[in-house]
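These are the residues of each chain, in order.
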Amino acid sequence: MKELNELNFPDDVRYAESHEWARSDGDRVKVGISDYAQDQLGDIVFIELPEVGDTLDKGEEFGTVESVKAVSELYLPVAGEVVAINDTLEDAPEKVNNSPYGDGWMIEIKAENPSEMDDLLGNDAYLATLKG
Amino acid sequence: MKDTAGTTGLIFNEPLLWEKGKKGRTAFSLPRRDVKEHPVDENLKGNGPDFPDLSEVDIVRHYIRLSQWNFSVDSGMYPLGSCTMKYNPKTNERQASQPGFALAHPLLPESLSQGVLKLMSEMERYLTEITGMDATTLQPAAGAQGELTGMLLFYAYHKSKAKPRSKILVPDTAHGTNPASASLCGYRPVLVKSNERGVLSPQAVDEAMDEDVAGIMVTNPNTLGLFEENIKAVADIVHAAGGLVYCDGANMNAVMGIVNMGDLGVDVLHLNLHKTFSSPHGGGGPGSGPVCVRKPLEPFLPVPRVVNKNGKYALSENFPDSIGKVHAFYGNVGVMIRAYSYILSMGPEGLKKASQLAVLNAAYIKENLKGTFHLPYNRPCMHECVFSDKLQEPYRVTTLDMVKRLMDYGFHPPTIYFPLVVPGAIMIEPTETESKEDIDLFIESMKAIAREAQENPELLHAAPQKTKRRRLDETSAARKPRLSG
Amino acid sequence: MTAMRYLPHTPEDIAAMLEAVEIESLEGLFAHIPENCRRKEALKIPEYLTEWELNDHMDTLAGSMAVSPEYKIFMGAGSYEHHTPSAVSFLLGRSEFVTAYTPYQPEVSQGTLQAIYEYQTLTSRLLGMEVANASQWDGASALAEAMLMAIRISRKKAVAVSSAIHPLYRRVLETYFEPTDFEIRELSYLSDGTTDLSPLKDMDDLGAVAVQSPNFLGCMENLGDIAQTLEGQKVLLVVCFSEPLAYGLYKSPGQCGADIACGEGQSLGIPRLFGGPALGMFATKMKYVRNMPGRLVGETVDLEGKRGHVLTLSTREQHIRREKATSNICTNNSLCALAAVMYMATLGGSGFKKLAQLNYDKTEYLKNALARAGFKLPFRQATFNEFVVKFPTGFKKTYRRLLKKKIIAGLPLVGFYPELKDHYLLCVTETITKADMDALIQEIEK
């Protein structure tokens, strides 16, 4: 596993303490997991995602991510309706390891309250939680 | 260091069954046909399974070669914490293979099956006595099924009090089967953290306990190898709120003849005959998970139960409050026969001595390795001790690397990364059947590996080197599963 | 106590070790345990037996059991007698298989792992399914797990279960369901011995339908009809069995449309042993694999690119998923699965088919002979190696007379099905000869 200074925490996304990231584009929000989370999990083997059309609250479990020896729940950073899922992850879960903020995106939601993005952490604040 | 236990030698490659053989070969002696062939309904008729055809020589070579790729208790030491990999006595095999046992149909009339019924009755009595409880069922087919049975007993008990409860307390040191078994009964596990001494504290249990908690699942000695010193106080707290105490008896090997589980406030306890009572592990079973209970839970035990009517044994279903059945018949009789033979071979003094020596072996290892590896709880241990890889972190060597290297030294790795409360845990349980010489060799090997971690970490990252296969790609196996050929 | 052969420590060893840990005596190792937790009296179990006394004791117990060849036992009902080749018994005695642990460290467990991969493969071929697990505890718990799996997949709460499934399997299923809010709806059997499917058309909230084929009454179910009835609905078809040798003769559950095939594999080289250990066989479609309970062995390669095997998809299991696991199963019945694959490999495809045909033919012989002798065979359906006979009222007396002659003339069914008084379930395998069958009829007619 890498040291914190070897990991990426871009500033074009907001972070949840539970290691999910969210990137907004109008009222659409893409969600994935941070570089720290994928590094901790190790080689990811399977991702369980919700169905398009599911409506979930902020903080609600929207899926799970599995490595060989561990399973982690995924929690939705902002409430909304699922409008797209990255189904390429079914055959290529390693995208989450290789490009957690890019090709490894997991779901896209139509945010119910776009202002919930402000409640999330910026990259410095998130990094601080990891150091502490 | 004198010769390590592990070395290299010639072993054989062997393909998969269907990569061998030729159509028309046979390894089976077909019984003589003394009746004519009869027609079969064409709509239902199939073509038979696509199995390879092999000769007897093919079969024997195949499995002899495969067997030679395995590490086993009969080859060497398996210091697996909480598994109690003790020696499996060969006389037990002789007993279980008696035709009178091996060929017995479970639904024989009782008058024609007195031998097994008597064995089961006596076995129940011995386990009841050894645990200090009041009654036993032999029906669960493994430890986890014993746990499920325990949870079903909890459910039935609370239902009979017209007070169904929805939660169960589970310590952070619990084995994964504990919350899994509880969930199967609809109970929501509530985590209770152990204290800085590595055991349950009465305060933590008190905070979590209420009238919606069915009870607590403890393991004693716990998975850190420590005696739960507050168990009586914990049991009192749980009982005061109307709850029950379940004990996972996987670690019974530490306390036979020394502690009475019933006196500790335990209401329901399961045992693992394939751990404490010497029945072999078989590469993953069969096991047997008898459950012992205090009197208030007895009416709920699975049926049928063996009863004794004037010296004649019978199977009775006359227990209206029973939870029902968890096994089609009576449990794993073949495993019971082995455990029964073991108990009779050891006797009361032998079982107590076994526990004493199991604890002595573990204490000796702890004493000898505590400078070399980080010991999270520096306290008297019971039959197992837990270390971690903290001291090797500066060299970027993990628990996994070290135990993979241990294989090259001729030992099976200990239990790793469990319990979860110790990051990088290494749980070592030698059992009483390992001699001092083998334990000394194990200690020397572990010390040698710690030196290698410092001087040559790459060697450990690449371990094992001497085994038939090197480290395997578990990631691809999970991403693209190939589960049959 | 004299020296014990499983306890290698000499008094000198013990003294040296106690010195190293700085404790006075063996008792001292337990001094930290609170006084009120310690046992005061010795264990009240019998004094130890020498190996020779143990042999005598066990021989006496074993000698009291009624087994072949002394007894002719025409009983199946979930426990079958088949010839076990000596090669299989010999190989199963290899202590590298018997005394090995679960293969969590694959580098030193390739023997067990390849053998179980082969078991999964032959099992899936036998049952006509895409993937099989490494075993469950028995046919009964396999059925219970299958229903729980079907409920997880379908997200429904009710299942329909045929009353012609083994009564003891159904009781285990009821026990597993007791603390849940899931519902079991029983489908009764018809006069031809098959399951009554008509109620299904009015049930639109089912997660699964379970039948056994051959069923407990010996009859082959019309699996094709059931699959057709369920077509288009999200209801899983669970086909269970207690005698898998039947699929050497008849179509497999997979060929008939099963979503899950599960049952008892004891017939395949595992001794009866009064009902356990047994073998829960479990197989399903690849699309359901992440919901399947039990261990799975998968194929992979090692660092050097060589083919090997590992336990895989472990995140379904209790040691990782804990309370959200697909099952609580940990130890399964690996050695029994090994016996089964050795048996299947020993018979081979050709042998398996021939042995199934032989079982069928011997059974048909007895059926016809009993019919000719005037006894009623109430169920007209095709059977495999078990069938039901309705003997005349008061047959109990004859049954007891035959017991004294060391013949067990089937299993009385009235204990399981009160409406089936004087009905007996008879089983004939390749271990029964024509002479045995002729003698049975002769004795009954006396």
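Residues numbered from 1 in each chain as written. Chains lettered and ligands numbered in written order. Predicted model: local features only at pLDDT ≥ 70, side-chain atom pairs only at ≥ 80, totals over all residues.

**Side note on the sheet that holds strand 7 (residues 71–75) of chain A**
Residue and element names in this part refer to chain A. Inclusion rule: In this analysis, strands are considered paired if DSSP registers two or more bridges between them. A helix here means a DSSP run of H or I that spans at least four residues, while a strand means a run of E at least two residues long, and both kinds are numbered starting from the N terminus. Lines are fitted to the C-alpha atoms to define the axes, a helix being fitted only along its stretch in contact, and any angle between axes, read from their N-to-C directions, falls within 0 to 180 degrees.
Read from one edge to the other, the open sheet built from three strands follows the order 4-6-7, with strand pairing classed as antiparallel. The open sheet is flanked by strand 4 (44–48) and strand 7, the only strands paired with a single partner. Taking each pair of neighbouring strands and ignoring which way they run, the sheet shows an average axis angle of 20°. Bridging between strand 4 and strand 6 (residues 61–67) involves four bridges; their strand directions are antiparallel. Paired with F46 across the two strands is E66, which belongs to strand 6.

**Focus on the sheet that holds strand 10 (residues 385–387) of chain B**
Residues and elements named next belong to chain B. The sheet built from three strands is open, its strands ordered 10-12-11 with antiparallel pairing. Each edge of the sheet is formed by a strand with only one pairing partner; in this case those strands are strand 10 and strand 11 (415–416). Where strand 11 meets strand 12 (residues 426–428), two bridges bridge the pair, whose relative direction is antiparallel. In the sheet register, I416 faces strand 12, and the bridge partner there is I426.

**Some details on the nonpolar core**
For clarity, the cut-off: By our criterion, buried Ala, Val, Leu, Ile, Met, Phe, Trp, Tyr and Cys residues that link up through C-beta atoms within 7 Å make up a nonpolar core. Here a residue counts as buried when 20 or more other C-beta atoms fall within 10 Å of its C-beta, as exposed when 12 or fewer do, and as partly exposed in between; the C-beta atoms come from the backbone. Working definition of a contact: two residues with C-beta atoms, positioned from the backbone, lying within 7 Å.
In terms of nonpolar packing, the biggest core is built from 337 residues, with B:M336, C:L143, C:M147, C:A210, C:V238 and C:A340 touching the most fellow members. Broken down by element, the residue count for this core peaks at 20 residues, all from helix 9 (residues 333–369) of chain B. Those residues within four positions of C:A340 in sequence are excluded, and the remaining contacts are C:Y119, C:G265, C:L268, C:G269, C:I270 and C:L279.

**Quick notes on the domain arrangement of chain C**
All names here are of chain C. Selection rule: What marks off one domain from the next here is an automatic or database domain assignment. In this classification, Asp, Glu, Lys and Arg are treated as charged, Ala, Val, Leu, Ile, Met, Phe, Trp, Tyr, Cys and Pro as nonpolar, and every other residue, Gly included, as polar.
Examined at the domain level, chain C breaks down into domain 1 (72–84 + 349–445) and domain 2 (86–343). On a C-alpha basis, the centroid separation for the pair domain 1 and domain 2 is 27 Å. Counting from both sides, the interface comprises 26 residues of domain 1 and, opposite them, 27 residues of domain 2. Of all elements in the fold, only helix 10 (334–372) and strand 11 (386–390) reach the threshold of two or more residues within the side of domain 1 that touches domain 2. It is helix 10 that provides the largest number of residues to the side of domain 1 that touches domain 2, a total of seven residues. Of the residues assigned to the side of domain 1 that touches domain 2, the class counts are 12 nonpolar, 10 polar and four charged.

**Regarding the pairing of strand 5 (residues 244–248) of chain B**
Residue and element names in this part refer to chain B. Operational definition: For a crossover, the right-handed case is the one in which the path from the first strand over the helix to the second runs clockwise, viewed with the strands pointing away from the viewer.
Extensive coverage of strand 5 is indicated by the burial of five of its five residues. Residues of strand 5 alternate between two faces, with L244, Y246 and D248 on one and V245 and C247 on the opposite face, all of them buried. With five bridges joining them, strand 4 (residues 213–219) and strand 5 adopt parallel strand pairing. Looking at strand 5, one finds that T219 is bridged to D248. Crossover strand 4 to strand 5 through helix 8 (residues 231–240) is right-handed.

**Brief notes about helix 11 (residues 436–455) of chain B**
All names here are of chain B. The test is simple: The span expected for a helix works out to 1.5 Å for each residue beyond the first. This arc corresponds to the set of directions leading from the helix axis out to the C-beta atoms.
Between its terminal C-alpha atoms helix 11 stretches 28 Å, which fits the 28 Å expected from 20 residues at 1.5 Å a residue. Listed as buried for helix 11 are I439, L441, F442, S445, M446, I449 and A453. Taken down its axis, helix 11 places every buried residue within 155° of arc, on the same side. For helix 11, exposure combined with an orientation more than 90 degrees from the buried face picks out E437, R451, Q454 and E455. Looking at the packing, one finds that the buried side of helix 11 touches helix 9, helix 10 (399–408) and helix 12 (457–461).

**Quick notes on the interface of chain B and chain C**
Contacts between the two partners involve 169 residues from chain B, matched on the other side by 163 residues from chain C. Looking at the side of chain B that touches chain C, the elements with two or more residues in it are helix 1 (56–67), helix 2 (90–96), helix 3 (99–102), helix 4 (114–131), helix 5 (143–160), helix 6 (177–184), helix 9 and helix 13 (474–479) of chain B. For the side of chain B that touches chain C, the element with the most residues is helix 9 of chain B, which contributes 23 residues. Partitioned by chemical class, the residues of the side of chain B that touches chain C number 85 nonpolar, 53 polar and 31 charged.

**Quick look at helix 12 (residues 434–445) of chain C**
Residues and elements named next belong to chain C. Look at helix 12: 17 Å from first C-alpha to last across 12 residues, which is about the 16 Å you get at 1.5 Å a residue. If you check which residues of helix 12 are buried, you get M437, L440 and I444. Down the axis of helix 12, the buried side of the element spans an arc of 55°, and every buried residue falls inside it. In helix 12, those exposed residues whose orientation departs by more than 90 degrees from the buried face are A435, Q442 and E445. On its buried side, helix 12 packs onto helix 10, helix 11 (395–404) and strand 12 (407–408).

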